[in-house]
Structures are given as C-alpha cells and as structure tokens.
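Structural description and commentary
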Amino acid sequence: MIIIFLRGDSGKKQNSAYRSTLTIRLADIRNETDTMHSTRHTILCATCGFLVLLSVGMGYGYDDRHAMESADAYLKMGLYLEAIGAYRSAADNAGDRNMQARAILRIGDIYSYFLDNYDTALLFYSFVTKHYSGSIHAANAYFNSGMIRYEKYQYSEALAQFQEYLARFPQGERKETAEFMIKACRKPIPSPEEKKEVTAKIGPDEMIRILIHENIRAVSVAGTKPCEFRDINRQTVIHRIPAGLVADVSVNGGFLTVNGSAIRKKEFTVFPGINGNITVNGLPYRGTLTIRRHEEGIDVINELRLEEYLYGVIPKEMSPQWPKEALKAQAVAARTYALYQKEKNRDKDYDVYASTLSQVYGGIAAEQQNTTTAVNETQGRLLTWRGKLVLAYFHSNSGGVTEDAENVWTARVPYLKSVRDKFSSQAQGVQWIYSIDFIGMQRILNQKGIHVGRVYEIAPVEVSPTGRIKKIRIVHSGGTTTLSGNDFRIKYDPTRIKSTLFRVITEDGGVSVRGSGYGHGVGMSQWGAYEMARAGYGYTDILRFYYAGVDIK
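To keep things clear, this report deals only with the structure shown in the data block. (Residues numbered from 1 in each chain as written. Predicted model: local features only at pLDDT ≥ 70, side-chain atom pairs only at ≥ 80, totals over all residues. Heavy atoms only, no water.)

1. Overview of the sheet that holds strand β17 (residues 383-385)
Spatially, β18-β17-β27 is the arrangement adopted by the three strands of the open sheet, whose pairing is antiparallel. Of all the strands in the sheet, just β18 (388-389) and β27 (551-552) have a single pairing partner and so form its edges. Sheet topology note: the β17/β18 ladder contains two bridges and is antiparallel. Of the residues in β18, the one forming a bridge with T384 is L389. (Pairing = 2+ DSSP bridges. Helix = DSSP H or I, 4+ residues; strand = E, 2+ residues; numbered from the N terminus.)

The following block contains the structure:
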C-alpha cells in the first residue's frame, strides 16, 4: 500500500509564489511477498499532521537544486538507502513538479536496479505516470515498468506499458527500443514453468576495484620489484621503473606525465613484478594500480583479489584484538557488502571507495594477523536473502536496539529490521551526553546548507518504535524547519550527536542531548558482535541475530 499526501501550502516564498508539497510516505509501502497482491492509493488532507522539511520565512525557502544534487551524490557513491531518503525529501518539498517527478522516478530506479525490489519499483513508476503524465520522467517510468513486466514474463502488461510510452512520447529517446520490445511482447519466448533460484557465489580469484584517491593533481608510485606501466589494453608496455625508484605521475594538459615526461596517455595500469607490491604515496598495496586522467584530476584505483582486499579492511573496521568470532562476523559482512557493490557498479571505473563512503581500506599497512585469519577462516562466505546478496549495513553500537532501515531512510529492506539488542547495552561507552549551543547550531547548519535564522528551540516531533528520533523541529527567526533525525545528526556533527537514539533537555541558550549508541543503528552492531562473541556465540549466530532471515552460504 502506498499513501499519498497532497498538500497546498499557504506559506509564501520571497517571490510570493505559492508552493505545493507532495509527500510520499515510504513507511506505508508493503512488499511482503514476491507477487503484488494489491495496491491501494489513498489521498488524505494536510490536517493528518504529517510533517515535512519546510522552512517558512523570508530567505529560508527550500533549495530544490541542492536537495537533488545531494540525493544524486548519495546514489553515485553507492549509498542506496541514503539516496532513497534524500530523494524522498526532495519529492516532499521541491516546489518544481518536474523535480518532484524525477525524485520519485529515481526512488523507483533504486528499488529496481540496486535493491532488486521490483514490485516496489512498479509502485513508484505507476505514481509518476498517473500524477506526472506530462513530464519527461513519465516516459522513463512507462518504459522501465514495461521492462520489469517483461522480465517477470507478464507480456500483456509489458505490451501495454510500451504502447503507452509510444502513444504519449512518439519521439521519445527510447522509441526504437520500445518498438522492438512491442514485437518481443507479441511473440514472447516461452516462460519457464519454474524459476530456479540463483544463489550468489564467489570465485576463488574474485577481483575488486577500490578508488583509493579521487581527483588529485599528482601521485607518487614505486614498487618493491621492477614495475611496468601498460596502456589501456594492459598489453603494451609504455614505461618501466626499477625496484624502489619513485615515479611521480601528474597532469600536463589533457594527458598524464611520469617524472615530467609526457606519455600521451589518459590512463595506464601499473603492474608489479613477480611477488612484488606497489606503493602509492609511500603506502604499500597488493595487486595492480590504474591511474586515470579525467577533466578534474587523477583517480587512482587499486585492483586486487577480494580476499586480499578484506585483509586491509577488517582491521580498519574492527579492532584486531577483539574476539575471533566477532572478527569473522565482520569479515562476512564486509565481503558481502563489497561484492554487492561490485555487482551494482559494473559500468563504473571502480566498485568501492577506500573510505567510510564504502568500507575503510588501508592496504598492506593495515593488515594484522588476527583479522587476516578471520578472513581466511570465512573465505568465500556470504550473506544472502532469497538467494541474492544482502546490502550488509553495519554500525558501531545500536545503543540497545537496532533500527529498521525504513525508519532511518524510508527504505524498506526485508533483512534490515529492528531487533532488541541487550549485547550492545553491555558495551563500554554506550551512553553519551552533548550540549548544543543555539548560536553554534545556527552557524553549523547554515554551513551545511540548512538555512536557519537565530535558533530558539529544537524538539523531536516524531519518534520511531525503538525510540529513535525520526523527525526534529527547529524553531528559528526565519520560521520552522523540520529535518529527519538522521539528517540533523549528520548535518550537525555525527561525532557529537552519535546516534538518533536520544532525548532533548532544554537548557539556557541551548539544549542537552542525552543518547545511547553510535551510528545509524541499521544492521550489525559491531560492539554487539563483540559482546556476543565474548558470551560464546559463533559468527553465524551473530550474523543471523542482526540480519533477519538471511542465509550464510
């Protein structure tokens, strides 16, 4: 079920133009089974009390463009659930109907392409075609719906979508493909009597590409053995450096240079000698290195075996001194997350980032014996749900209860559900206190693109069943701004406001925030895993506790 709130807002912007706000409440989307049994669209009035991010007052209007850019950035970085939350906010608050349509379409795309949740994607595409029929984004919604229906062997439904696409957008960009699909729908291949479940697998030499530097002007490369620089086909040697000799790579015009000499290439790959490793700005890495010139600078991409990549990840994500079963749980979660991103990023130059945007990766310098052993003892093991890889989110400490992804980013993911977590409550440092000064808050939020005036009050206005802040209101001289609890935490300072599991106590000139846990609270709690391992639980017990209904293959 999807519930739509249509609201005409009586507040005026600085140019006196009225704005209307569309709010899609993702919390009311249900996708309990593979087959969509029913869909119900209900229109409700604004008096239902559903709050949106809205600033009222001179000079404090919603920034449509910035909102969409933020959502696009999340999607580009592979932060799919965060992107859904950001697009949802844009759909709720953008004054431009075309931008609303694009945001809703993108949510459908994420469910379809990145979360493999096709029924929910169809709900969003259907909403775009019904309520934004004249928008260019409706064309994509019709076409994408047709493709999903075709792949589900629903040929008559797919045919109707492609025909509607051509009728409404006869000169659309996908005209020829739509015409081809109409022919395919009229003479479909026989559908299999029974669809076999395909379980995610990993090969012994599975590779992964990590973006270790992005948009830098220069980089220093060396090798423990003689290295070869090869061109884009990886066959032709264009440069060699002896063992230990540093090669300074920089940009000159539209090409790359090595030690000041132009090699007239926009990309090359560095291969180490046999049993050798490559150093990048003095730090050693396994595998090969691709250096790519683009318009803004240089990207440096490390490619190596997935298991070797994990050697440099686990000690950066969890203390190597922690119990082995906790380290093994982290290894399986990290392996699954990395392979999930690889599957979704095949059309990109890299699969994951080396930072907290994906998982922190430190190369050879980070490796520790205990964490390497944990990787080796779980080699190839993955988390799956209905045969597919899970998006294995994890965080530092749940504070006593993990959170449903739907309550953080409005994204419904069947295995990222809330569980009561007594283990995290036993961990050290679970409680925290932080005082917020209103003057400082105004400055920080304005720096982060949340335009507020002099702050008078902040207060929670919606709380999840676990006690986390879903929405928080800021009353200021420019009006009232309502943010999601997670946006407020991230925009203000996630190292100070450590989680959204907090309460607010008013003080003179500010508030005291008293909370529990650290991080978004979704998926595996690392400190909870630590306490479970200390209590004698195995790594499979830990993973099944935090990820609902998963298999460990």
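2. As for the nonpolar core
Counting residues in hydrophobic clusters, the biggest one holds 135 residues, and the most contacted among them are L81, Y309, M524, L543 and Y547. In terms of residue count, helix α10 (residues 324-344) provides more of this core than any other element does, 11 residues in total. Discounting residues that sit within four places of it in the chain, L81 has contacts with L115, L391, Y393, A405, W409, A411, V413 and L416. Of all hydrophobic cores here, the second largest spans 20 residues; its members include I450, V452, F488 and Y492. (Core = buried A, V, L, I, M, F, W, Y, C linked by side-chain atoms within 4.5 Å. Buried < 20%, exposed > 50% of the residue type's maximum accessible area, 1.4 Å probe, protein only. Contact = heavy atoms within 4.5 Å.)

3. Examining helix α2 (residues 80-93)
Given a rise of 1.5 Å per residue, 14 residues ought to cover 20 Å, and the 20 Å separating the end C-alpha atoms of α2 matches this to within 8%. Burial analysis of α2 places 14 of its 14 residues in the buried class, which makes it a mostly covered element. (Expected span 1.5 Å × (residues − 1).)

4. Section: unusual backbone geometry
Most peptide bonds are trans, and most residues other than glycine sit at a negative phi. Positioned with a positive phi, N215 is a non-glycine residue whose angle comes to about 55 degrees. By secondary structure assignment, the location of N215 is in strand β4 (residues 207-216). We classify N215 as partly exposed; its relative accessible area is 34%. In this structure, R264 takes a positive phi of about 55 degrees despite not being glycine.

5. Observations concerning the packing of aromatic side chains
Counted by the stated rule, this structure contains 25 aromatic pairs. Both rings, one in Y337 and one in Y393, keep their centres 6.4 Å apart while their planes meet at 70 degrees; by these two values the pair is edge-to-face. Taken as a pair, Y337 in helix α10 and Y393 in the loop between β18 and β19 (394-395) lie far apart in primary sequence, 56 residues in all. Overall, Y393 belongs to the buried group, its relative accessible area being 5%. A network of ring pairs unites the aromatic residues F143, F162, Y165 and F169 as a single cluster. When the ring centre of F271 is taken as reference, the NZ or CZ atom of R230 above it lies at 4.1 Å. (Phe/Tyr/Trp six-rings, centres within 6.5 Å; stacked < 30°, edge-to-face > 60°. Lys NZ or Arg CZ within 6 Å of the ring centre and 35° of its normal.)

6. As for the environment of K265
Of note, K265 is situated in the loop between β10 (261-262) and β11 (267-271). Distance from K265 to R293, taken between C-alpha atoms, is 8.4 Å for residues 28 residues apart in sequence. Beyond its immediate stretch of four places on either side in the chain, K265 contacts D231, I238, F255 and L256.

7. Thoughts on empty space enclosed by the protein
Under the definition given, this model contains four cavities of 30 Å³ or more. Its boundaries defined by the atoms lining it, the second largest cavity holds a volume of some 50 Å³. Lining the second largest cavity, in full, are E403, N407, V408, R468, I469, K470, S484, G485, N486 and T500. If you list the elements that add at least two residues to the lining of the second largest cavity, you get α12 (405-409), β22 (469-476) and α15 (485-492). For the lining of the second largest cavity, the per-class residue count stands at two nonpolar, five polar and three charged. (1 Å grid on protein atoms, 1.4 Å probe; cavity = no way out; pocket = protein on both sides within 12 Å on 5 of 7 lines; lining within 4 Å. Points joined across faces, edges and corners; volume = space filled by probe spheres on them. Nonpolar A, V, L, I, M, F, W, Y, C, P; charged D, E, K, R; others polar.)

8. What about helix α17 (residues 539-546)?
The complete set of buried residues in α17 reads Y539, I542, L543 and Y546. Viewed along the axis of α17, the buried residues span an arc of 95 degrees, placing them on a single side of the element. On its buried side, α17 packs onto α10, β17, α13 (422-425), β26 (524-525), α16 (526-534) and β27. (Arc of directions from axis to C-beta.)

9. Comments concerning the sheet that holds strand β13 (residues 283-285)
One open sheet accounts for six strands, arranged β10-β9-β8-β5-β12-β13; its pairing is antiparallel. Lying at the two open borders of the sheet, with one neighbouring strand each, are β10 and β13. Pairing analysis gives two bridges linking strand β9 (residues 255-258) to β10, with the strands arranged antiparallel. Directly across from V258, in β10, lies its bridge partner S261.

10. A closer look at the pairing of strand β14 (residues 288-293)
With respect to burial, β14 is a largely interior element, six of its six residues being buried. Sheet topology places β11 next to β14; four bridges connect them, and they run antiparallel. Looking at the pairing, E267 lines up with R292 of β14. Both β14 and strand β15 (residues 298-305) contribute to a ladder of six bridges, which runs antiparallel. Residue pairing for β15: R293 is matched across the bridge by I298.

11. Observations concerning the packing of α2 against helix α3 (residues 97-114)
It is the contact of α2 with α3, at a shortest axis distance of 8 Å, that shows an interaxial angle of 160 degrees. Put simply, α2 runs roughly antiparallel to α3. Considering the relative orientation of α2 and α3, their crossing is left-handed. Contacts between α2 and α3 involve Y80, A83, I84, Y87, R88, A90 and A91 on the former and, on the latter, Q100, R102, A103, I104, R106, I107, I110, Y111 and F114. (Axes fitted to C-alpha atoms, helices over the stretch in contact; angles between N-to-C directions. Parallel < 35°, antiparallel > 145°, perpendicular 65-115°, else oblique. Left-handed = near helix turned anticlockwise from the far one by under 90°.)

12. As for the pattern of salt bridges
If you walk through the whole model with that rule in mind, you get 28 salt bridges. In this structure, D92 and R88 form a salt bridge, with 2.7 Å as the shortest nitrogen-oxygen distance. Of this pair, D92 and R88 both sit in helix α2, four residues apart, which is roughly one turn of the helix. Residue R230 pairs with E228 through a salt bridge whose shortest N-O separation is 2.9 Å. By relative accessible area, E228 is classed as partly exposed at 21%. One network of salt bridges, with partners in common, ties together K324, E325, K328 and E377. (Salt bridge = Lys/Arg side-chain N within 4 Å of Asp/Glu carboxyl O.)

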